[in-house]
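# Observations on the three-dimensional arrangement
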Amino acid sequence: MIETVPTRISHPTPKLDQNIMLFVRLLRAIGLKLGSASMLEAIDAAKTVGVADKDFLYHALVSCLIKRREDKPLFDQAFYLFWQNPKFHERIRDLILPRIKAAGHQQEDVEPMLRRLSDALADPPDDPPTTAEDVEIDFDTEGTVADTDRLQHKDFEMMSAAEMRHAEQAIANLQPKLPRRSARRSKLSSRGQLIAMRAALQHAERQGGMVIPKFRSVITKPRPLVILCDISGSMEHYSRIMLHFIHALTRNHPQVSSFLFGTRLTNISREMRHRDVDEAVQSVSHLVDDWSGGTRISASLETFNHRWSRRVMGQGPITLLITDGLDRNPDDALGMHMERLHKSTAALLWLNPLLRFDGFAPKSHSVRTMIQHVDHFLPIHSLQAMTDLTASLAMMQTRRDAKLAEWQAAARRASLAADLVLAHAGYAQEKEHTV
């Protein structure tokens, strides 16, 4: 006997189509890229499941409107506000009008992750101008020197959707000064400092035996770049903008190897070679499974050293390690993997967004272990930090940071003290066992 599953009969509420359209407009206003096809699919799905059960409606809209993994938190907040707050529809109507923030309204209590949502739902002016006498001319100051300078120094975590789009455009226009290395080949040059003996003898053979000195100069070419970027939950606010940064470096550099790691290591070098940055990010989102998950820095570095080091480290590259250093399961092998990575590269740069805090100090075990094996320790939390990095990337092999030397010395002392404590505890336990 075949059991039949009862069909869920839904009765669409009046104006459901208009509500779905307003909800999609809200998602577009906070930065989600949705087209008309997604809106029509959402309307059909909402009519199918109805609005009697919010869980059915939520999952139906998620299946139609979520295209990227990083859009899920914003969608959840927008869904809760739109379908739970009865007074919310009065404010959502203002999305079709130009959004102007009223003076005196501050949003200091808004979480950084929801800043784009709060900006999209800013209160409209109480008394909009209706006559020509009441109209005041306001000059748009966006793009001025002061506004640009503020955006340059603003933390990526605190940016709104519009500011994030400006930041992505600025990153795409970066012109990095690439580090160079000497190639094995040379070329003839009248200003060269090396004697080209073979070319001089060949020329003498054609000129009746008279040897005329010829000179050559060494050819230089860009040094390869290797990028290891953390995409764990603690780096969630920076992961997407870091993909734009990696794409900009890949587009301006002939040889870049890019890897993402959270709980495992993923090679995204091929995806980052797409000319369109949105297409590249979309390809990466489909490839990576551990986005915004846990952090296993030691295991990821071990995988890189054993599987990829010989393939991408053969020409003395510059390595960029982008992570906050907060390992969920730190182990004693982290120092060994960091040391091997450091010895395989010409210069190891640790880019940490936590350096935006003035009082930063390497206190956690994983940070103290990693900082002992890097050549540079730099911030990566703003456009200005990225600009400074790309401008000085060519000099990273020779320049050293005094502050980093102090942190490394402090980390070594802390590690030594911890080893002494463990040794003393082991000795005491052994002595007690003997007695």
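Here is a short report on the structure shown in this document. (Residues numbered from 1 in each chain as written. Predicted model: local features only at pLDDT ≥ 70, side-chain atom pairs only at ≥ 80, totals over all residues. Heavy atoms only, no water.)

### Section: the overall build of the chain
Basically, it comes down to this: Under the DSSP-based scheme used, a helix requires at least four consecutive residues in state H or I and a strand at least two consecutive residues in state E, with every element numbered from the N terminus. Here's how the labels work: a residue is buried when its accessible area is under 20% of the maximum for its type, exposed when over 50%, partly exposed in between, all with a 1.4 Å probe on protein chains only. Note on definitions: a residue-residue contact is assigned when non-hydrogen atoms from the two residues lie within 4.5 Å. Only the protein chains shown count as cover for residues, and all accessible areas are computed by the Shrake-Rupley method using a 1.4 Å probe.
A tally of helices and strands in the chain yields 16 helices and 9 strands. The buried share of the chain, reckoned over its 435 residues, is 43%. Look at the contacts in the chain between residues 6 or more apart in sequence, and 76% of them connect residues 24 or more apart. With an accessible surface of roughly 25,500 Å², the chain has 52% of that area assigned to carbon and sulfur atoms.

### As for the sheet that holds strand β7 (residues 318-322)
Here is the rule: Pairing between two strands requires that DSSP report at least two bridges joining them. As a rule, the C-alpha atoms of each element are fitted with a line to give its axis, helices using only the stretch in contact, and angles between N-to-C directions run from 0 to 180 degrees.
Judged by pairing direction, the sheet is mixed, and its 6 strands sit side by side in the order β6-β5-β4-β7-β8-β9 without closing on themselves. Here the strands that pair on one side only, and so sit at the sheet edges, are β6 (265-267) and β9 (376-378). Averaged over all adjacent pairs, the angle separating strand axes in this sheet is 20°, with direction ignored. With 5 bridges connecting them, strand β4 (residues 225-230) and β7 associate as parallel partners. Bridge pairing links Leu 228 to Leu 321 in β7.

### As for helix α9 (residues 197-206)
Under the convention used in this document: What the arc covers is the set of directions going from the helix axis to the C-beta atoms.
What α9 keeps buried is the set Ala 199, Ala 200, His 203 and Ala 204. The arc that holds every buried residue of α9, seen down its axis, measures 135°, which confines them to one face. Every exposed residue of α9 that faces more than 90 degrees away from the buried side is listed here: Arg 198, Glu 205 and Arg 206. Looking one or two residues past α9, Gly 208 carries a phi angle of roughly 85°, positive in sign.

### Focus on the nonpolar core
Operational definition: The criterion is simple. A nonpolar core is a set of buried Ala, Val, Leu, Ile, Met, Phe, Trp, Tyr and Cys residues joined through side-chain atoms within 4.5 Å.
Membership of the largest hydrophobic core comes to 42 residues, with the highest contact counts inside it found for Leu 260, Leu 349 and Leu 389. Broken down by element, the residue count for this core peaks at 8 residues, all from helix α10 (residues 236-252). Leave out the neighbours within four places in its chain, and Leu 260 touches Cys 229, Ile 231, Leu 243, Leu 265, Thr 266, Ile 268, Val 284, Val 288 and Trp 291. If you look at the next biggest cluster of nonpolar residues, it comprises 30 residues, including Leu 16, Phe 23, Leu 34 and Phe 79.

### What about the pairing of β7?
To keep it simple, the criterion reads: We call a crossover right-handed when, viewed with the strands running away from us, the connection from the first strand over the helix to the second turns clockwise.
Burial analysis of β7 places 5 of its 5 residues in the buried class, which makes it a mostly covered element. Burial along β7 is two-sided: Ile 318, Leu 320 and Ile 322 facing one way and Thr 319 and Leu 321 facing the other are all buried. The pairing of β7 with strand β8 (residues 347-351) spans 5 bridges and is classified as parallel. Directly across from Thr 319, in β8, lies its bridge partner Leu 348. Since β7 and β8 lie parallel, the crossover through helix α13 (residues 334-344) that links them has a hand, and here it is right-handed.

### Quick notes on unusual backbone geometry
Positive phi outside glycine occurs at Ser 292, with the angle close to 55°. The exposure class assigned to Ser 292 is partly exposed, which follows from its relative accessible area of 28%.

### Here's the deal with the packing of helix α2 (residues 36-49) against helix α3 (residues 54-65)
What counts here: Oblique is the label for any angle not under 35 degrees, not over 145, and not in the 65 to 115 range, which are roughly parallel, roughly antiparallel and roughly perpendicular in turn. Throughout, a crossing is termed right-handed when the near helix is turned clockwise from the far one, and left-handed when it is turned anticlockwise from it by less than a right angle. Amino acids outside the nonpolar list (Ala, Val, Leu, Ile, Met, Phe, Trp, Tyr, Cys, Pro) and the charged list (Asp, Glu, Lys, Arg) are all regarded as polar, and Gly is one of them.
Put simply, α2 and α3 touch, their axes get as near as 9 Å, and they point 160° apart. The orientation of α2 with respect to α3, classified from their angle, is roughly antiparallel. For the crossing formed where α2 meets α3, the hand is right-handed. In contact with Ser 38, Glu 41, Ala 42, Ala 45, Ala 46 and Val 49 of α2, α3 contributes Phe 56, Leu 57, Ala 60, Leu 61, Cys 64 and Leu 65. A per-class count over the contact of α2 with α3 returns 10 nonpolar, 1 polar and 1 charged.

### A word on the pairing of β8
Among the 5 residues of β8, 5 are classified as buried, and the element is accordingly described as predominantly covered. Neither face of β8 is open: one carries Ala 347, Leu 349 and Leu 351, the other Leu 348 and Trp 350, and all of them are buried. Traced from β8 through helix α14 (residues 365-371) to β9, the parallel crossover comes out right-handed.

### Observations regarding α2
Rules: Take the residue count of a helix, subtract one, and multiply by 1.5 Å to get its expected span.
Relative to the 20 Å expected for 14 residues at 1.5 Å per residue, α2 spans 20 Å between its end C-alpha atoms, a close match to the ideal helical length. For α2, the full list of buried residues reads Ser 38, Met 39, Ala 42, Ile 43, Ala 45, Ala 46 and Val 49. For α2, the angular spread of the buried residues around the axis is 170°, confining them to a single face. Summarising the geometry of α2, the exposed residues directed more than 90 degrees from the buried face are Ser 36, Ala 37, Leu 40 and Thr 48. Residue Gly 50 follows α2 closely and has a positive phi angle near 75°.

### A word on the pattern of salt bridges
Selection criterion: A side-chain nitrogen of Lys or Arg and a carboxyl oxygen of Asp or Glu constitute a salt bridge if their distance falls within 4 Å.
One pass over the structure, following the stated rule, counts 9 salt bridges. One salt bridge connects Asp 76 with Lys 72, and the closest N-O pair in it is separated by 3.3 Å. Remark: Lys 72 and Asp 76 occur in helix α4 (residues 72-84); sequence separation between them is 4 residues, near one turn of the helix. Taking relative accessible area as the criterion, Lys 72 reaches 29% and is therefore assigned partly exposed. As a salt-bridge pair, Asp 155 and Arg 356 come within 2.9 Å of each other at their nearest N and O atoms. One end of the pair, Asp 155, is in the loop between α7 (145-153) and α8 (161-172); the other, Arg 356, is in the loop between β8 and α14, and 201 residues separate them in sequence. On the accessibility criterion, Asp 155 (11% relative accessible area) is buried. Taking the relative accessible area as the measure of exposure, Arg 356 reaches 23% and is therefore partly exposed. Each of Arg 150, Lys 154 and Glu 163 takes part in salt bridges that share partners, so that together they form one network.

Everything listed here is a matter of geometry and, on its own, says nothing about what the molecule does.
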